[in-house]
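Residue strings, one per chain:
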Amino acid sequence: MRQVNIFTFSLLAALSLASCSNENAMPETQLGQERNTNVPEGVTVGRFVAPPATRTTAEYDAPYLWFYWTKGDKVWLHDEDETPEYIQSIGSTIETSGQDKVAYAEFFFKYKPTKPVYPIRYTGYPTSIVDQVTITPTQNQAEPNKGEHIKGDGDCGVGSFTRRADGKYDFSLTHSASYLTFTPYFSKGFDKKVVLTQVKISADQALTGTFEIDDDGLILDTRPEADSSNTSITLTFKGGGENGFAVPKESKPEANAGIMVVAPGDYTNFSVEYSLYDQETKVSGKVVYNYGNFTLTAGKNIRLSPDLDVRYFAADQYYMWDAQPGEHYWKGAKRQPYLNGKYGDSYAKFDTDSRWYNTVEHPGKASRLMKDNLNANELMWLAYYGTPHYDPEIWTIMGHLYAGGVWLRNLDVIGMYQKKTRAEMRATSPKGVDFTAHSPYNNFGWYIYSNTSVIQHRPRPTLGYFYIPTTGFYCDGKLRRIGVRGYVWSSTPRQHGSSLVPQGFNLYVSQNEVHTGYGNRSNGEYQHKMQ
């Protein structure tokens, strides 16, 4: 009967973190470790020596990614003179350690080594296959910066154990897969209810599939032909859906580091897609980066830590019509409503409040914050000839996610097509009426206009267009139509008529409409930059 031998082996392999253009492997520093003294007589013990680190599983600890053994892990010894020539470990001290993961472990084999050097390999878990490794297209991570999942997603490695002068063995291992660590953040700040649900990478070549492995590592020539099943990998956090990891204001691995196993190789059209979800507004969306040519090297980790490119709008830009600059609708309030239908009490209710609107009568015009806004005539040119394009992409305000906005051609471009100067468009509307001048009240009815010919995608390119998000408006302290309509004040007050409430001309955009009309001057509409 063969002797059962014990070998101490560690998966404490440190992978260097680097930018996309620069990767450096961590040098193996040998440090002393106490040998296990509780070993049966006649049992061979092998020792692995490696640099110390914080003891967690597949955790990013700048600038390295550390790996550790977990329950169920097994390794293979390769002896060409044996039949069969691959001998899998039959157990380890991991199972009896009382811990979920360990830096060092002793593996048991029904085998007695005699040679000075043996190849060794790790092909993931669970596996009974010694010469194949499958890198999976769907990976799941339950906790930030905890990569227990990677052993079932294609993590693998090869190495050797070498007999020392005293007859005992030391072990080493080099990872054969590649790794990506994602630590996105948003420097403007999201509410804690905004979470990262998934990260997806894509390329023209196969990122996943079954690869052959030998004593030198993965055989990349056995990469599968690229098809829709293997050219992307999706890493899902906390089950995805409405759940996920936090998105901090600065890169913090402990908050949201996601670890992905990828096949090494040179890739083209390499992209990364971050999926976000707001648990309060129920809005979801994606932020995509295309890196073009991208190289992933066996045994190395690349950290991707973008400041997520989500269009940001400041919360302090809602104003009553032509209020004083800086005297926004919620100035001085501890918190303003950020959900449709929610009410706040700290808004201006009387004309003694510095946030109150301008009471100038028509045919006067704005003289304070909105003196440079487009006038009523110019807004109508936008509605008529702005060639609106609806853009469903996400944006953020007050720390929350919303989606949707409209791109309109700017007035210079409209003037070029309509053979009008800016001065002409300012002086007269497309209907031939000057809505800024003193005129009979029934002319106001002519101002109501809706353009429902909205193209349902972003213009390509966006040159010559400007963007209005669906920021809604406040009416008597209540937020209305955010995510549905975006309102813009003109510099023109409405002449009095049947309305007993002072009003101003405005424009709103939505997914299916660009509309010119009016609103109560006490409404809080967003002060957008118009062109």
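Structure shown above.
My aim in this report is to walk through the structure given alongside it, one point at a time. The structure presented is a predicted model; accordingly, all values stated were derived computationally and were not measured.

## Re the overall build of the protein chain
- Each helix and strand counted, the protein chain has four helices and 38 strands in total.
- Burial status across the protein chain gives 54% buried among its 531 residues.
- Carbon and sulfur atoms provide 47% of the accessible area of the protein chain, an area that totals close to 23,300 Å².

## Structural notes on the packing of aromatic side chains
- Tallying each qualifying case throughout the model produces 33 aromatic pairs.
- Geometrically, the ring pair formed by Tyr274 and Tyr289 is edge-to-face, given 6.0 Å between the ring centres and 80° between the ring planes. Linking Tyr274 in strand E24 (residues 265-278) with Tyr289 in strand E25 (residues 284-296), this pair joins segments that are 15 residues apart in sequence. Side by side, Tyr274 and Tyr289 carry an identical accessibility label, which is buried.
- Taking 5.7 Å as the distance between ring centres and 45° as the angle between the ring planes, the aromatic pair formed by Tyr384 and Tyr385 counts as tilted.
- The partly exposed category is assigned to Tyr384, whose relative accessible area is 23%.
- Taken together, the ring pairs connect Phe313, Tyr318, Tyr329, Trp330, Tyr343, Tyr347, Trp395, Tyr402, Trp407, Tyr467, Tyr474 and Tyr526 into an aromatic cluster.
- The positively charged end of Lys349 is found above the aromatic ring belonging to Tyr347, 4.3 Å away from the centroid.
- The residue whose ring lies beneath Arg485 is Tyr508, and the NZ or CZ to ring-centre distance is 4.0 Å.

## Comments concerning the sheet that holds strand E35 (residues 486-493)
- Taken in spatial order, the four strands make up an open sheet running E31-E37-E36-E35, and their pairing is antiparallel. Of all the strands in the sheet, just strand E31 (449-451) and E35 have a single pairing partner and so form its edges. For this sheet, the mean inter-axis angle between neighbouring strands, taken without regard to orientation, is 30°.

## What about the nonpolar core?
- Counting 50 residues, the largest nonpolar core has Leu180, Phe182, Ile201, Phe270 and Leu276 as its most contacted members.
- If near-sequence neighbours (up to four positions away) are discounted, Phe182 is found in contact with Val199, Ile201, Leu235, Asn256, Ala257, Gly258, Met260, Val272, Tyr274 and Leu304.
- Judged by nonpolar contacts, the second largest core, of 28 residues, contains Phe313, Met320, Ala366 and Met398.

## Considering the sheet that holds strand E30 (residues 400-409)
- Overall, mixed pairing links the four strands, which are arranged E27-E29-E30-E32 in an open sheet. The sheet terminates laterally at strand E27 (311-313) and strand E32 (465-469), the two strands that pair on one side only. Taken over all neighbouring pairs, the strand axes of this sheet differ in orientation by 45° on average, direction set aside.
- Relative to E32, E30 runs antiparallel, the two being bridged by five bridges. Bridge assignment links Val406 to a residue of E32, and that residue is Ile468.

## Section: the environment of Ile233
- Residue placement: Ile233 occurs in strand E21 (residues 232-237).
- On the accessibility criterion, Ile233 (0% relative accessible area) is buried.
- The spatial distance from the C-alpha of Ile233 to the C-alpha of Val272 is 9.7 Å, given a sequence separation of 39 residues.
- Ignoring any residue separated from it by four or fewer positions in sequence, one finds Ile233 in contact with Thr136, Pro137, Gln139, Val199, Lys200, Ile201, Leu207, Thr208, Met260, Val261 and Val262.

## A closer look at the pattern of salt bridges
- This structure, assessed with the given rule, holds 14 salt bridges.
- Two residues, Lys331 and Glu327, come together in a salt bridge whose shortest N-O distance is 2.9 Å.
- Taking the relative accessible area as the measure of exposure, Lys331 reaches 40% and is therefore partly exposed.
- With relative accessibility at 14%, the residue Glu327 sits in the buried group.
- Here Asp345 ties to Lys349 by a salt bridge, and the two come within 3.6 Å at their closest N and O atoms.
- Connected through salt bridges with shared partners, the residues Glu378, Asp412, Arg422 and Arg426 form a single ionic network.

## Concerning unusual backbone geometry
- The step from Tyr125 to Pro126 runs through a cis peptide bond, and the omega angle for that step is -10°.
- Inspection of the secondary structure assignment puts Pro126 in the loop between strand E12 (117-122) and strand E13 (132-135).
- Here the residue pair His362 and Pro363 is connected by a cis peptide bond, since its omega of 15° sits within 30 degrees of zero.
- Following the sequence through the fold, Pro363 ends up in the loop between strand E28 (318-319) and helix H2 (376-385).
- Non-glycine residue Asn145 carries a positive phi angle of around 60°.
- Relative to the assigned elements, Asn145 resides in the loop between strand E14 (138-141) and strand E15 (157-163).
- The phi dihedral of Asp476 is positive, around 50°, even though this residue is not glycine.

## Some details on H2
- With eight of its ten residues buried, H2 lies for the most part within the structure.
- Those residues of H2 that sit buried are Ala376, Asn377, Glu378, Leu379, Met380, Trp381, Leu382 and Ala383.
- In this structure Asn375 caps H2, since a side-chain oxygen of it lies 3.0 Å from the backbone nitrogen of Asn377.
- Immediately downstream of H2, the backbone of Thr387 shows phi near 45°, a positive value.

Procedures and definitions
Residues numbered from 1 in each chain as written. Predicted model: local features only at pLDDT ≥ 70, side-chain atom pairs only at ≥ 80, totals over all residues. Heavy atoms only, no water. Helix = DSSP H or I, 4+ residues; strand = E, 2+ residues; numbered from the N terminus. Buried < 20%, exposed > 50% of the residue type's maximum accessible area, 1.4 Å probe, protein only. Areas by Shrake-Rupley, 256 points an atom, 1.4 Å probe, with all protein chains shown as cover. Phe/Tyr/Trp six-rings, centres within 6.5 Å; stacked < 30°, edge-to-face > 60°. Lys NZ or Arg CZ within 6 Å of the ring centre and 35° of its normal. Pairing = 2+ DSSP bridges. Axes fitted to C-alpha atoms, helices over the stretch in contact; angles between N-to-C directions. Core = buried A, V, L, I, M, F, W, Y, C linked by side-chain atoms within 4.5 Å. Contact = heavy atoms within 4.5 Å. Salt bridge = Lys/Arg side-chain N within 4 Å of Asp/Glu carboxyl O. Polar contact = N/O pair within 3.5 Å; in protein donor to acceptor, adjacent residues only side chain to side chain.

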